[in-house]
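Overview (structure and organization)
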Amino acid sequence: MSTAISTFTQHLDFSQSEIEAILSTPLDEVLKSEALKQELDSLDIQLLRETLPTAGQVLAENLPLFYHWLKNELGVKRVPDSPDHTTKWVINFLHHQESLNHLVELHHPVPPAALEEAVPRLVSLFDGVEDVKVRQEWEKAVAALCLVLVVDKRQNNS
């Protein structure tokens, strides 16, 4: 089992076989699916909004090293020059000002293998958050967004 699949099963309410089925489903079907809708609806949006400053701090502290790793270890060419865009995107998504389709478009240049390899590391950026409920909610939110990205990569590279 890939580490991305393992991360999804650990942080989302899907079994390994459900994740594998989702990953082999066309993106437009996944985006319309009741399963994804339920997963996103199960996020505690109020808690996520209340803890945006915490998430912003975590991302500001950890994304520069993550971006360095993407660029230098995984060879990703277009890497943001600061964590600000990621933080703003998450905030805008939570406020329904950004769409999953736009998220997918933004990540089209990222090579599929690099994206899948980055999922566990990105989700784990929140490991240091002491409040367990806050940590788990942010890990779940990031994992759900990454799941959509991996679906797209697998669909467009099969």
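The paragraphs below set out a description of the structure included in this document. What you see is a predicted model, and the numbers here were worked out from it, not measured in a lab.

Further remarks concern helix H6 (residues 52-72). Here H6 spans 29 Å end to end across 21 residues, near enough to the 30 Å set by a 1.5 Å rise per residue. Within H6, burial applies to Leu52, Ala55, Gly56, Val58, Leu59, Leu63, Phe66, Tyr67, Trp69 and Leu70. Tucked inside the fold, the buried residues of H6 contact helix H5 (45-50), helix H7 (84-94), helix H9 (112-123) and helix H10 (132-156).

Relative to the 16 Å expected for 12 residues at 1.5 Å per residue, H9 spans 17 Å between its end C-alpha atoms, a close match to the ideal helical length. Ala114, Leu115, Glu116, Ala118, Val119, Leu122 and Val123 are the residues of H9 that are buried. Buried residues along H9 sit in contact with helix H1 (3-11), H6 and H10.

Turning to the layout of surface pockets, a few remarks are in order. Estimates place the volume of the largest pocket at around 620 Å³. Tallying contributions element by element places H6 first for the lining of the largest pocket, with 5 residues. Grouping the amino acids of the lining of the largest pocket by side-chain chemistry returns 23 nonpolar, 3 polar and 1 charged.

Moving on, we come to the nonpolar core. Of all hydrophobic cores here, the largest spans 57 residues; its most connected members are Phe8, Phe66, Leu70, Leu100, Phe126, Trp138 and Leu147. No other element matches the 13 residues that H10 contributes to this core. In contact with Trp138, not counting residues within four places along its chain, are Leu48, Thr51, Leu52, Ala55, Val90, Leu94 and Phe126.

To continue, consider the packing of helix H2 (residues 16-23) against H10. In the contact formed by H2 and H10, the axes pass within 9 Å of each other and the chain directions differ by 50 degrees. In terms of axis orientation, H2 runs oblique to H10. Where H2 abuts H10, its residues Ile19, Ile22 and Leu23 lie against Leu147, Val150, Val151 and Arg154.

With that settled, consider the packing of aromatic side chains. Going through the model one piece at a time under the given rule, you end up with 3 aromatic pairs. Measuring from centroid to centroid gives 6.2 Å for Phe66 and Tyr67, while their planes differ by 50 degrees, and the two rings are tilted. Considering the side-chain rings of Phe126 and Trp138, the 5.7 Å spacing of their centres and the 10 degrees angle between planes classify their relative orientation as stacked. Of this pair, Phe126 sits in the loop between H9 and H10 while Trp138 sits in helix H10; the two residues are 12 residues apart in sequence, bridging distant segments of the chain. In this structure, Phe126 and Trp138 share a single accessibility class: buried. A network of ring pairs unites the aromatic residues Phe66, Tyr67 and Trp69 as a single cluster.

Cut-off values and rules
Residues numbered from 1 in each chain as written. Predicted model: local features only at pLDDT ≥ 70, side-chain atom pairs only at ≥ 80, totals over all residues. Heavy atoms only, no water. Helix = DSSP H or I, 4+ residues; strand = E, 2+ residues; numbered from the N terminus. Expected span 1.5 Å × (residues − 1). Buried < 20%, exposed > 50% of the residue type's maximum accessible area, 1.4 Å probe, protein only. Contact = heavy atoms within 4.5 Å. 1 Å grid on protein atoms, 1.4 Å probe; cavity = no way out; pocket = protein on both sides within 12 Å on 5 of 7 lines; lining within 4 Å. Points joined across faces, edges and corners; volume = space filled by probe spheres on them. Nonpolar A, V, L, I, M, F, W, Y, C, P; charged D, E, K, R; others polar. Core = buried A, V, L, I, M, F, W, Y, C linked by side-chain atoms within 4.5 Å. Axes fitted to C-alpha atoms, helices over the stretch in contact; angles between N-to-C directions. Parallel < 35°, antiparallel > 145°, perpendicular 65-115°, else oblique. Phe/Tyr/Trp six-rings, centres within 6.5 Å; stacked < 30°, edge-to-face > 60°.

By themselves, these are just geometric observations and shouldn't be taken as functional.
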